[in-house]
Each structure stands twice: as C-alpha cells, then as structure tokens.
Amino acid sequence: MNNISLINGLKKGDSKAYSLLVDTYHNKLCVYAYQLTNDRDYAKDIVQNVFINIWRIRLKLKDDFAVKSYLYRSVYNEFLNQERNRVHAIPLDKKNIDALSSILEEEDEKSLDRLMNLVKREIENLPPKCKQTFLLSKQEGLTNIEISEYLNVSIKSVEAHMTKAFSILRKTVGEKMDGILFLLFGIQKNQVPTTLL
C-alpha cells in the first residue's frame, strides 16, 4: 500500500490501513522514543498516544501527507509535552532539535540504521584513549573537567581527544553527526542547565 492509498484508507476509517500503519512504524517509533526517554514503558506510552492522535485527526489528512516525518515529529513533540509535565523537565537545545529533524526528514529507516551502525563502528575503532574520553562524555554524560579528574589528565588532553573523535566521526557522517549522536546517546547530563540538576 503506497502513501496515498494509506492516507485514503485512514480517512475512510479503514482498520486495515490503520493496522498497516501501526505494524510498519510501531517498533521503529518505540526505538526512537526509547532513545529520548531511556524508559521502555514510557516510550511505548508516547508512541501509543501518537497513534491514537493520528486516528483522531485522520479526516484532516491531505493526500500528500508525509506519514513518516509526521510520526517521528509527533513522537518527539509528545515527548516534549510529557516532559513539560514532569518535575525535572529537560529542555533540549535547538541544535539537537534541528539535527534530529533534518535526519528524520531526509533518511529512510534503512539508511538511518546504516548511519547509526556506521557511527557505532567508528566509535569502536577510535584510538583507545580517544574512545574512552568520548564515551565518558557522550555515554556517561561527564563534563570535560570531570573526565580530566577521572582519567587524571589535563583538560587540554580531554579536549584534544574529543576534537579528534569528532573530526573522525564527522568525516564519516558529515553534518548528520549531531543528530546521529543524539539518537545514539540521548540527552546528556552536561547538556542540562545546572538549575535542574
């Protein structure tokens, strides 16, 4: 079923079209939502809300409606809405929002998976000290000062390793790097304003 047939089916209230939509995107959206929340149940709730909402607005859908982009953006917006209602809401900076949006609009699922796997492989192949420093920053959310204390090296050394890591990764994925890293590692502690910690 192509995009137009799918939209027409949804507008007519065709349960098969809706089932196809859910079957096609549910798992992918859950993976994406999990990257944002780091909580599987919370991620599933977000995705469920998105599917319920698309059923509610089905009569307003246009024939050229970009289903995939809409679903991913809706998951992200639903995540933001939910976070605003939580005590420790974490604002995402504009750089991450823009990077994420451009990737989701340009890449299909296969090429997105391919890019993420490529970046994972490149991270694994980084020089040992460089890889350790990069993962302490991106995976553990440590600041450069915390990393320098933890590894007992200078801040300049940490900065040099981070610059090298970013340079290597940027050669692999170019401008999409920020979005891919956000999808892989999510929100970092060092991106959160100190007033919220």
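Residues numbered from 1 in each chain as written. Predicted model: local features only at pLDDT ≥ 70, side-chain atom pairs only at ≥ 80, totals over all residues. Heavy atoms only, no water.

Novice: Looking at this structure, I do not really get the overall build of the chain. What am I missing?
Specialist: The helix and strand tally for the chain stands at ten helices and zero strands. Secondary structure of the chain in N-to-C order comes out as α-α-α-α-α-α-α-α-α-α. When the 197 residues of the chain are sorted by exposure, 41% land in the buried category. In the chain, 71% of the contacts between residues at least 6 apart in sequence involve partners at least 24 apart. Approximately 11,500 Å² of the chain is accessible, and the part contributed by carbon and sulfur atoms is 50%. (Helix = DSSP H or I, 4+ residues; strand = E, 2+ residues; numbered from the N terminus. Buried < 20%, exposed > 50% of the residue type's maximum accessible area, 1.4 Å probe, protein only. Contact = heavy atoms within 4.5 Å. Areas by Shrake-Rupley, 256 points an atom, 1.4 Å probe, with all protein chains shown as cover.)

Novice: Just checking my understanding: could you explain the packing of aromatic side chains for this structure?
Specialist: Two descriptors summarise a pair of aromatic rings, namely the distance from one centre to the other and the angle between the planes of the rings. Inspection of every chain in the model, using the stated rule, returns three aromatic pairs. With centroids separated by 5.0 Å and ring planes inclined at 65 degrees, the aromatic side chains of Tyr18 and Trp55 adopt a geometry described as edge-to-face. Linking Tyr18 in helix H2 (residues 15-37) with Trp55 in helix H3 (residues 40-56), this pair joins segments that are 37 residues apart in sequence. Seen in terms of ring centroids, Tyr32 and Tyr72 are 5.2 Å apart; in terms of plane orientation they differ by 55 degrees. Their pairing is tilted. Here the residue Tyr32 occupies a position in helix H2, and Tyr72 occupies one in helix H4 (residues 67-84), the gap between them amounting to 40 residues. Each member of the pair Tyr32 and Tyr72 is classed as buried. (Phe/Tyr/Trp six-rings, centres within 6.5 Å; stacked < 30°, edge-to-face > 60°.)

Novice: Can you help me understand the nonpolar core in this one?
Specialist: Buried together is how nonpolar side chains tend to be arranged in soluble globular proteins. With 52 residues, the main nonpolar core has Leu21, Leu71, Val75 and Phe134 as its most contacted residues. If one sorts the elements of this core by residue count, H2 sits on top with eight residues. Excluding its chain neighbours within four sequence positions, the residues that come into contact with Val75 are Leu29, Tyr32, Ala33, Leu36, Ile46, Val47 and Val50. (Core = buried A, V, L, I, M, F, W, Y, C linked by side-chain atoms within 4.5 Å.)

Novice: Help me understand helix H9 (residues 155-173) in this model?
Specialist: Taking 1.5 Å as the rise per residue, H9 with 19 residues should run 27 Å; its terminal C-alpha atoms sit 27 Å apart, in good agreement. Taken residue by residue, H9 has Val158, Met162, Ala165, Phe166, Leu169 and Val173 as its buried positions. Down the axis of H9, the smallest arc covering the buried residues is 100 degrees, so these residues share one side. Pointing more than 90 degrees away from the buried face of H9 are the exposed residues Lys156, Thr163 and Lys171. Where H9 ends, the next residue or the one after it, Gly174, has phi of about 60 degrees, a positive value. (Expected span 1.5 Å × (residues − 1). Arc of directions from axis to C-beta.)

Novice: Please clarify how the packing of H2 against H3 should be interpreted in this entry.
Specialist: Packed helices, taken two at a time, are described by their axes: the angle between them and the distance between them. Here H2 crosses H3 at 140 degrees, and the two axes come no closer than 8 Å. It follows that H2 is oblique to H3 by the angle criterion. As H2 packs across H3, the resulting crossing turns out to be right-handed. The segment H2 lies against H3, with Tyr18, Leu21, Val22, Tyr25, His26, Leu29, Cys30, Ala33, Tyr34 and Thr37 engaging Arg40, Tyr42, Ala43, Lys44, Ile46, Val47, Phe51, Ile52, Ile54 and Trp55. Across the contact of H2 with H3, the residue classes tally to 16 nonpolar, two polar and two charged. (Axes fitted to C-alpha atoms, helices over the stretch in contact; angles between N-to-C directions. Parallel < 35°, antiparallel > 145°, perpendicular 65-115°, else oblique. Left-handed = near helix turned anticlockwise from the far one by under 90°. Nonpolar A, V, L, I, M, F, W, Y, C, P; charged D, E, K, R; others polar.)

Geometric descriptors of this kind do not, in isolation, establish any biological role.
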